[in-house]
Amino acid sequence: MAVFACAGCGAELTGPVTEVALPPHAHREGGNRYLPALMEPGTFAVDPEPSGPPWRPWHELGVDEAAARGVYAPIGGLWCGPGGAVLLAPGDTRDTVLIPEQCDGCCAAGGWPNLACERCGRTVGARIDDCYRWQAVWLRPEAVRRLPVPGPARPAGDGWTVTPLPPVEPDGWWSDRWSAAVAVALAEVLAASDGRPVAVPDGLLAETFGRTLDRLLPADGPARTLGLAGPGLTPDPAPDIALVPRHPWTGAAWQPADGTVPAALDAEVWTYLAFPPLRPTTRLPAGEERDDPLPLRPYRLFEPDRHLLVHRLARLPAVRQPWLRAIYDRLGDGRQD
Ligand SMILES: [Zn+2]
């Protein structure tokens, strides 16, 4: 376990927290209006990507420097500050104060940076508490120090057993987390398609992945198959491309059988797809069906988060192939957003 302390005065700014993988919806914006805490209490994640100033536009970066920074297609620009920002649940922070003049969100705190160390006043990060954004605290990598504290490094178990995440919220909207998780995995499925059609099984996979793949890939020619593989699920025959779970603690993708190309998916989303909850098989007597709750159906068709799809595609070396670059350009890069 670890705590994070102010790099200026040493004050502890968090309780003890355990590291997990950065969730795919860490940078999701514009979903449901009221969103809960992004991270589970007692956990933190580190974003390896650079954040914070300086901001360098694409025309200044150029192709070679962008590639050296892990970006392989034109984007609006890149933050070129240090990587390693720390993401936590707001309830795990201690002795921090808001900087009121920096809290310029729509409904509450949304500005960056807007959080300071209470003891010395040093700016340490941002508290995100605004509409259409996940509740979160981000700590700047240069503003805090990570200190080890006694306690288990990981929870019990191997980490693969997780609670399946339903795709539809009780209020009838598609899950925000599904939009983000599917978008990130879709980028990898597109790259693995080699520009050929992808055959997707009917059902939830077709609803969430299939529609976008059909829209972006050619309809004719020999198709590659998409399926699921992971702990407790070995498909036979193996699909050409397998959606595999990403380990919740480390972020490492499950490795499928030889010959199958993996595309990593959030483990809780994957578990729902791989092991969907059983529906009741008994029926109520005629005339009493009105009391039988119908399965949740969303109000509209599923849409993966386009910004996260584009963000991930730009960071796949495969996007340098002309056919995938054409898809990237169709989706619209960061310069138009
Ligand atoms: Zn301080």
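Remember, predicted model here, so these are calculated numbers, not experimental data.

Next up on the list: the overall build of the chain. Per the secondary structure count, the chain includes six helices and 15 strands. In summary, the chain has a C-alpha radius of gyration of 22 Å against a globular reference of 20 Å for 337 residues, a match within 12%. Expressed as a percentage of the 337 residues in the chain, the buried residues total 34%. If you take every contact in the chain between residues at least 6 apart in sequence, the share linking residues at least 24 apart comes to 63%.

Below, the discussion takes up the pairing of strand β15 (residues 261-266). Of all six residues in β15, five are buried, a share of seventy percent or more. The sheet contact formed by strand β14 (residues 241-246) and β15 spans six bridges and is parallel. Looking at β15, one finds that V244 is bridged to A264.

Before going further, it helps to examine the domain arrangement of the chain. Interface size is commonly expressed as the accessible surface area that is lost when the partners come together. If you check the domain split of the chain, you get domain 1 (2-148) and domain 2 (176-277 + 299-336). Listed per partner, the contact involves 17 residues of domain 1 and 27 residues of domain 2.

Through backbone hydrogen bonds, the strands of a sheet pair up, either in parallel or in antiparallel fashion. Read across the open sheet, the four strands follow the order β12-β13-β14-β15; overall the sheet is parallel. A strand with exactly one partner marks an edge of an open sheet, and here the two such strands are β12 (198-199) and β15. With three bridges connecting them, strand β13 (residues 224-228) and β14 associate as parallel partners. Along β14, the bridge assignment pairs L226 with I241. Sheet strands touched by helix α4 (residues 267-274): β13, β14 and β15. Its angle to β15, the strand with the most contacts, is close to 105 degrees.

What follows is about the packing of helix α2 (residues 176-192) against helix α5 (residues 306-314). At their nearest, the axes of α2 and α5 sit 8 Å apart, and the two run at 35 degrees to each other. Of the two elements, α2 crosses α5, and the hand of that crossing is right-handed. Contacts from A180, A183, V184, L186, A187 and L190 of α2 reach α5 at L308, L309, R312 and L313.

Residues A185, L186, V189, L243, L265 and L313 are the most contacted members of the largest nonpolar core, which totals 50 residues. Counting only elements with at least two residues in this core, the list comes to α2, β13, β14, β15, α4, α5 and α6 (322-331). No other element matches the 13 residues that α2 contributes to this core. Counting residues domain by domain, this core receives three or more from each of domain 1 (2-148) and domain 2 (176-277 + 299-336). If sequence neighbours within four positions are ignored, A185 has contacts with L243, A263, A264 and L265.

Taken in spatial order, the seven strands of this open sheet run β2-β3-β6-β10-β9-β8-β7, and their pairing is mixed. Each end of this open sheet is capped by a strand with a single partner; those strands are β2 (18-19) and β7 (96-98). As paired elements, strand β8 (residues 115-117) and strand β9 (residues 123-128) share two bridges and run antiparallel to each other. Bridging across to β9, A116 finds its partner in T123.

The next thing to look at is α2. Here α2 spans 25 Å end to end across 17 residues, near enough to the 24 Å set by a 1.5 Å rise per residue. Across the 17 residues of α2, 16 count as buried, placing the element largely inside the fold.

What counts and how
Within each chain, residues carry numbers counting from 1 in the order of the written sequence. Per-residue local features are limited, in this predicted model, to residues with pLDDT of at least 70; the limit for side-chain atom pairs, both in listing and counting, is 80 or more; totals at the level of whole chains, interfaces and linings are taken over all residues. Secondary structure counts use DSSP, requiring at least four H or I residues in a row for a helix and at least two E residues in a row for a strand, with both numbered from the N terminus. The globule rule used here is 2.2 Å times the number of residues to the 0.38 power, and the radius of gyration it is set against is calculated over C-alpha atoms. In this scheme the burial state of a residue depends on its C-beta neighbours within 10 Å: 20 or more other such atoms mean buried, 12 or fewer mean exposed, and anything in between means partly exposed; the C-beta positions come from the backbone. Think of it this way: build a C-beta for each residue from its backbone, and any pair within 7 Å is a contact. Two strands pair under a simple rule: DSSP has to find at least two bridges between them. Note that the domain bounds reflect an automated or database-derived domain assignment. Orientation is described by lines fitted to C-alpha atoms, with helices fitted over the stretch in contact, and by angles between N-to-C directions that extend from 0 to 180 degrees. By definition, any crossing whose near helix is turned counterclockwise from its far helix by less than a right angle is left-handed, and any crossing with a clockwise turn is right-handed. When buried Ala, Val, Leu, Ile, Met, Phe, Trp, Tyr and Cys residues are joined through C-beta atoms within 7 Å, the set is termed a nonpolar core. Multiplying 1.5 Å by the residue count of a helix minus one yields the expected span of that helix.

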